[in-house]
Amino acid sequence: MIVPYESLSADALRGVIEEFVTRDGTDYGATETSLEARVQQVKQQLHTGEVVILYSEARGDVNIVPRHSL
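Numbering of residues starts from 1 in each chain and follows the order in which that chain's sequence is written. Two thresholds apply to this predicted model, a pLDDT of at least 70 for residue-level local features and 80 or more for giving and counting side-chain atom pairs, whereas whole-chain, interface and lining totals are computed over all residues. Hydrogens and water molecules were not included; the side-chain quantities draw on all heavy atoms of the structure.

### A look at the pairing of strand 3 (residues 61-66)
Pairing geometry for strand 2 (residues 51-56) and strand 3, over six bridges, is antiparallel. Note that in strand 3 the partner of Leu54 across the bridge is Asn63. Only when DSSP finds a minimum of two bridges between them are two strands counted as paired. Note on conventions: DSSP H or I runs of at least 4 residues are helices, E runs of at least 2 residues are strands, and numbering of each starts at the N terminus.

Right under this line is the structure:
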């Protein structure tokens with residue numbers, strides 16, 4: 001199920017994004033990017049609709065995925 005990011009509190013949204021950008025295997029290229037910069041990049045992608053927050057009821061987890069992958 002797609003969860004509209006606007007329906008989350010600011011703290012909950014930040015928590016979801018921070019968990020996503022600090023997850024093992026997340027690669028941001030050859031240069032180091034600050035946590036704040038990565039959070040802002042994902043917020044912008046949510047705002048433009050490039051990515052969405054996906055909740056799996058079966059697994060009970062939340063992920064951020066490209067919209068085109070759905």
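Back to the write-up after that little detour.
### A look at the nonpolar core
The term nonpolar core refers to a set of buried residues drawn from Ala, Val, Leu, Ile, Met, Phe, Trp, Tyr and Cys, joined through side-chain atoms within 4.5 Å. Burial classes: relative accessible area under 20% of the type maximum marks a residue as buried, over 50% as exposed, and values in between as partly exposed (1.4 Å probe, protein chains only). Counting 12 residues, the largest nonpolar core is built from Val3, Leu13, Val16, Ile17, Phe20, Val21, Val39, Val42, Leu46, Val51, Ile53 and Ile64. At the level of elements, helix 1 (10-21), helix 2 (35-48) and strand 2 are the ones that each hand at least two residues to this core. Per-element tally for this core: the top contributor is helix 1, with five residues. Those residues in contact with Val3 that lie beyond four places of it in its chain are Leu8, Ile53 and Tyr55. Only heavy atoms enter the contact rule, under which two residues are in contact if any of them lie within 4.5 Å.

### Some points on the pairing of strand 2
Relative to strand 2, strand 1 (residues 2-3) runs antiparallel, the two sharing two bridges. Bridged to Val3 within strand 2 is Ile53.

### Comments concerning the pattern of salt bridges
Note on definitions: salt bridges are taken to be side-chain nitrogens of Lys or Arg within 4 Å of carboxyl oxygens of Asp or Glu. The full count for this structure, using the stated rule, is four salt bridges. The closest approach of N and O atoms between Arg14 and Glu36, which form a salt bridge, is 2.7 Å. Here Glu36 lies in helix 2 and Arg14 lies in helix 1, a separation of 22 residues in the sequence. Measuring nitrogen to oxygen at the nearest pair gives 2.5 Å for the salt bridge that ties Glu19 to Arg23.

### Some thoughts on the packing of helix 1 against helix 2
Packed helices, taken two at a time, are described by the angle between their axes plus the distance between the axes. To obtain an axis, a line is fitted to C-alpha atoms, over the contacting stretch when the element is a helix, and the angle between two such axes runs from 0 to 180 degrees between their N-to-C directions. The interhelical angle for the contact between helix 1 and helix 2, taken along N-to-C directions, is 115 degrees, at an axis separation of 10 Å. When the axes of helix 1 and helix 2 are compared, the pair comes out roughly perpendicular. Where helix 1 crosses over helix 2, the handedness of that crossing is right-handed. Across from Leu13, Arg14, Ile17, Glu18, Phe20 and Val21 in helix 1, the residues of helix 2 making contact are Leu35, Glu36, Arg38, Val39, Val42, Lys43 and Leu46. The nonpolar class holds Ala, Val, Leu, Ile, Met, Phe, Trp, Tyr, Cys and Pro. Asp, Glu, Lys and Arg form the charged class, and all remaining residues, Gly among them, are polar. Residue composition of the contact of helix 1 with helix 2, by class: eight nonpolar, no polar and five charged. Under this scheme an angle from 65 to 115 degrees is roughly perpendicular, one under 35 degrees roughly parallel, and one over 145 degrees roughly antiparallel; angles in between are oblique. The crossing is said to be left-handed when, going from far helix to near helix, the turn is anticlockwise and less than a right angle, and right-handed when the turn is clockwise.

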